[in-house]
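One-letter residues, chain by chain:
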Amino acid sequence: MADTMTKEQRHRCMSHIRSRDTSPELLVRKALFAEGFRFRVNVRSLPGTPDIVLKKYNTVIFVNGCFWHGHRGCRLYSEPGSNSAYWHEKVERNRRRDVAAAFRLEARGWNVITVWECQLDRKHREETIAELAGMIRRNGELFAKLSEDSREQRALSRNERAIKKARTEELETEIGRIYPVPLSVKKKSESDDDDY
């Protein structure tokens with residue numbers, strides 16, 4: 001099937017398609033807010049500019065449209081008949097970009113969740129939101145435990161360094177008592193330090 005629009009008409013039509021604040025995104029954000037979660041949206045400083053960022057829970061959420069992100073096996077995704085090579089390449093680029101963004105976020109320690117548009121239809125919406133809230137809470141519990149373990153580890157390290165420092169000072173004092181350094185040598189060493 002041939003494209004019936006001119007290049008300019010197609011450009012104008014495509015430019016009106018939103019990349020943020022889409023209906024599925026707004027639906028998820030409202031549901032999460034109602035569940036008591038507080039979050040930031042479209043954080044540009046993170047790879048892939050996640051749709052929803054819950055720092056307290058160490059979780060980022062992407063709300064993907066099934067067509068634009070090529071949700072395989074989904075009833076909402078099928079490649080258009082016209083200009084199919086272009087659309088195939090565009091969707092594949094989006095898929096590769098999504099995988100790369102998720103990989104980079106996970107490498108930074110974030111938990112990445114993807115919610116698909118088809119999971120938010122009336123039939124599956126409540127179940128999807130309940131599962132999503134559960135995943136976020138589990139991520140938050142795990143993050144809190146890891147943070148606490150990290151704090152305890154840092155405290156132990158500080159304590160060990162303090163003990164080593166005290167022991168070193170104690171040994172230096174004891175050695176100085178057993179093997180006293182003459183005052184003239186001390187003065188000479190201090191004056192040598194001033195030369196530098």
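Only a predicted model underlies this, so the values are computations on that prediction, with no experimental measurement involved.

*Asks:* Describe the side chain of Asp51, and please don't skip the residues or the numbers.
*Replies:* Assignment of secondary structure puts Asp51 in the loop between strand E1 (40-41) and strand E2 (52-54). The charged side chain of Asp51 is buried without a salt bridge, its nearest counter-charge being Arg29 at 6.9 Å. Setting aside chain neighbours within four positions, we find Asp51 in contact with Glu25, Arg40, Val41, Asn42, Ile61, Phe62 and Val63.

*Asks:* How would you explain the packing of aromatic side chains if you had to name every residue and give the values?
*Replies:* Within this structure, the stated rule accounts for six aromatic pairs. Between Phe67 and Trp87, the ring centres sit 5.5 Å apart and the planes meet at 55°, which makes this aromatic pair tilted. On the criterion of sequence distance, the pair formed by Phe67 in the loop between strand E3 (59-64) and helix H3 (84-107) and Trp87 in helix H3 is long-range, its members being 20 residues apart. We classify Trp87 as buried; its relative accessible area is 12%. Cation over ring: Arg38 sits above Phe33, and NZ or CZ is 3.7 Å from the ring centre.

Parameters and conventions
- Position labels on residues start from 1 in each chain and follow its written sequence.
- Whole-chain, interface and lining totals are the exception, using all residues; otherwise, since this is a predicted model, local features are given only for residues with pLDDT of at least 70 and side-chain atom pairs are given and counted only at 80 or more.
- Only hydrogens and water are set aside; all other atoms, that is, all heavy atoms of the structure, feed into the side-chain values.
- Each helix is a run of DSSP H or I of at least 4 residues and each strand a run of E of at least 2, with the numbering of both proceeding from the N terminus.
- Only protein chains enter the calculation, and the probe is 1.4 Å; a residue is then buried if its accessible area is under 20% of its type maximum, exposed if over 50%, and partly exposed in between.
- Residues counted as positive are Lys and Arg, residues counted as negative are Asp and Glu, and His and the chain ends are not counted.
- Take a side-chain nitrogen of Lys or Arg and a carboxyl oxygen of Asp or Glu: if they are within 4 Å of each other, that pair is a salt bridge.
- Between two residues, a contact is recorded if the distance between any of their heavy atoms is within 4.5 Å.
- Note on aromatic pairs: the rings of Phe, Tyr and Trp (six-membered ring only in Trp) are paired at centre separations within 6.5 Å, and the planes decide the class, stacked below 30 degrees, edge-to-face beyond 60, tilted for the rest.
- Cation placement over rings: the criterion is NZ of Lys or CZ of Arg within 6 Å of the ring centroid and within 35° of the ring normal.

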